[in-house]
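Residue-level structural notes
The primary structure of each chain is shown beneath.
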Amino acid sequence: MLFPLLFAAAHAAPEMPVPVANRPATIPRATVRVDADTTIGTGSGPVPVDLAAGFGVGVTDQFELGAQVLPLDLAPGAVQYLSPSLYATYGAELSKVATFAPTLRVFVPIGTSQQALLDGKAMFRFNADRALRLDVGGVATVAFDEQTATALAAPLSLTVSPDKRVFLTADTAISTDPTDTRFRMPRPTDADGVYVPLGASIGTTFGRANHTLTDVAIGAHLPSFAHFHPGGTDVTTDDLTVMASLSSVIPTDAARMERRHRPVRNRPVHP
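Residues numbered from 1 in each chain as written. Predicted model: local features only at pLDDT ≥ 70, side-chain atom pairs only at ≥ 80, totals over all residues. Heavy atoms only, no water.

1. Thoughts on the overall build of the chain
Stated precisely, the cut-off is as follows: Helix and strand definitions here come from DSSP, where helices need a minimum of 4 consecutive H or I residues and strands a minimum of 2 consecutive E residues; each element is numbered from the N-terminal end. Throughout, exposure labels follow a simple rule: accessible area from a 1.4 Å probe, protein chains only, divided by the maximum for the residue type, with under 20% read as buried, over 50% as exposed, and the rest as partly exposed. Any two residues having at least one pair of non-hydrogen atoms within 4.5 Å are treated as being in contact. For every accessible area listed, the method is Shrake-Rupley and the probe measures 1.4 Å; residues are considered covered only by the protein chains on display.
A count of helices and strands for the chain gives two helices and 16 strands. Sorting the 271 residues of the chain into buried and exposed places 40% on the buried side. The long-range share in the chain, meaning contacts at least 24 apart out of those at least 6 apart in sequence, stands at 56%. Accessible surface, the chain as shown: approximately 13600 Å² in total, 67% of it carbon and sulfur.

Have a look at this one:
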C-alpha cells in the first residue's frame, strides 16, 4: 500500500513551482507562457512609453522557443511598430542546484530606421532553495548595419522569494555599453569605458502549481548608472526607466497528461 502512494506522490510533484526563485530556466514541455510589459521613461523631456507582448512554448522540458510579436513604441510621437524577435533557450542541468542556460535571440528589422540584432547569452542559474536564485554569466549583442558592432556584458541577477507568492529581484552587470531595460542586454554605442547598470523589481504570483501561474511585477532600471571612462567616472540617474510586466505560465492538457505518466525531473522543486 505504501509503494503506490509514494509512486503517485512522485508523479504529482509540480513541474513549475509557485516561488519564482525556484523555477527552472525553461518552461516544461507542452506548456505556454504569455508575456506583456510596458516601460515608461523619466526625465525633464518628453516621456518615452512602449509596450511589448510575446509568448514562449516548452518544446521539451529543457528546450524552449518563443517570440516577441508586438513591440510598439507609443510615445513620444506616432505609434511605431518596432523589430519583432525570435528566441531559443536550452536548459542543461549540471547538478541538483545548477543549470547552464544558453539563449539566442534574433531581432528582425521592419523599417529602414531599424537594424538587425543578435543577442547571445551563456547564463548559469543556481537554485540553492526555493527562496534564493542566482543568475550569472556572459552576454553579447551583435548589431548588423552598414558596419557590424558588438557589445559585451557580464550580468549578475539575484532573485529572492521571502514568501512563495512574493519575489524581489536585483540585477547589475559590467558592460561595454548601456543596457536595454527590457532584455537587460548591452546595446552598441560609440562610447568608451565600462558601464555598470542597476535594476530592481518587486512582484507577486497568482495561481497554483501545475495550473496557470501569473506573475505581476513592477521595477526600475538605470541602464548607465555608473560610467567609468578615461576622463573619470559619471553617475547618471536621469535615464531611470520604470517597467511593469505580466507573465502567465499555462500548462496545456497534453502537459497535464504527461505529468501523470512520467517521472519527476531530478531538480528539487517546492510547491
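Resuming the write-up.
2. A short note on the nonpolar core
The condition that has to hold: We call a set of buried Ala, Val, Leu, Ile, Met, Phe, Trp, Tyr and Cys residues a nonpolar core when their side-chain atoms join them within 4.5 Å.
Formed by Phe107, Leu117, Met123, Val139, Ala143, Ala153, Phe183 and Met185, the largest nonpolar core amounts to eight residues. Core analysis: the next-biggest nonpolar cluster, separate from the first, contains six residues, Val18, Ile27, Ala209 and Val249 among them.

3. Remarks on the confidence of the model for the chain
Short version of the rule: One confidence number per residue, pLDDT, is output by the predictor and ranges from 0 to 100.
When pLDDT is averaged along the chain, the result is 89, and 88% of the positions lie at 70 or above. Taken together, the stretch residues 1–14 has pLDDT below 50 and engages in 14 contacts with residues farther than four places along the chain or on a different chain.

4. Digging into the packing of aromatic side chains
Selection criterion: Within 6.5 Å between ring centres, the rings of Phe, Tyr and Trp (the latter by its six-membered ring) count as paired, and their orientation is classed by plane angle as stacked under 30 degrees, edge-to-face over 60, tilted in between.
Scanning all chains against the criterion turns up two aromatic pairs. Where Phe107 meets Phe183, the ring centres are 5.3 Å apart and the plane angle is 85°; that geometry is what we call edge-to-face. Of this pair, Phe107 sits in strand S8 (residues 98–107) while Phe183 is found in the loop between strand S12 (166–175) and strand S13 (194–207), placing the two residues 76 residues apart along the sequence. Neither Phe107 nor Phe183 differs from the other in exposure class; each is buried.

5. Observations regarding the side chain of Ser85
Put simply, the test is: Identification of polar contacts relies on pairs of N or O atoms within 3.5 Å, with a donor-acceptor requirement for protein atoms, meaning one able to donate a hydrogen and the other able to accept it, and with residues adjacent in sequence counted only if both atoms are side-chain atoms.
Considering the arrangement of structural elements, one finds Ser85 in strand S6 (residues 85–90). Engagement of the side chain of Ser85 in a polar contact is seen with the side chain of Arg105, the distance being 2.7 Å. Filtering out sequence-adjacent residues up to four positions away, Ser85 remains in contact with Gly66, Ala67, Gln68, Arg105, Val106 and Phe107.

6. With respect to the pairing of strand S9 (residues 116–129)
Keep this limit in mind: Any two strands with at least two DSSP bridges between them are considered paired.
Alignment of S8 against S9, held across ten bridges, turns out to be antiparallel. The residue of S9 that forms the bridge with Thr103 is Lys121.

7. Some thoughts on unusual backbone geometry
With an omega of -5°, the peptide bond running from Ala75 to Pro76 counts as cis. Residue placement: Pro76 occurs in the loop between strand S4 (72–75) and strand S5 (80–81). Located in the positive-phi region is Ala30, a residue other than glycine, with phi close to 65°. Turning to its location among the elements, Ala30 is positioned in the loop between helix H1 (2–11) and strand S1 (31–41). Owing to a relative accessible area of 18%, Ala30 belongs among the buried residues under this scheme. Of note in the backbone geometry, Arg184 takes a positive phi value of approximately 55° without being a glycine.

8. Focus: the side chain of Thr103
The residue Thr103 is located in strand S8 in this model. In this structure the side chain of Thr103 is engaged in a polar contact, spanning 2.9 Å, whose partner is the side chain of Thr89. Leave out the neighbours within four places in its chain, and Thr103 touches Ala88, Thr89, Asp119, Gly120 and Lys121.

9. Focus: the pattern of salt bridges
In plain terms, the rule: The term salt bridge refers to a side-chain nitrogen of Lys or Arg lying within 4 Å of a carboxyl oxygen of Asp or Glu.
A complete count under the given rule lists ten salt bridges for this structure. Here Arg133 and Asp135 are joined by a salt bridge, their closest N and O atoms 2.9 Å apart. When its relative accessible area of 11% is taken as the criterion, Arg133 is described as buried. On the accessibility criterion, Asp135 (9% relative accessible area) is buried. With a closest N to O distance of 3.0 Å, Asp171 and Arg184 form a salt bridge. Within this pair, whereas Asp171 is found in strand S12, its partner Arg184 is found in the loop between S12 and S13, the two being separated by 13 residues in sequence.

10. A word on the environment of Ala122
Here Ala122 lies in strand S9. Classification of Ala122 by relative accessible area gives partly exposed; the value is 31%. Each C-alpha atom, one on Ala122 and one on Ala101, is 6.2 Å from the other, the two residues being 21 residues apart in sequence. Not counting the four nearest positions on each side in its chain, Ala122 is found in contact with Phe100, Ala101, Pro102, Val136, Gly137 and Gly138.

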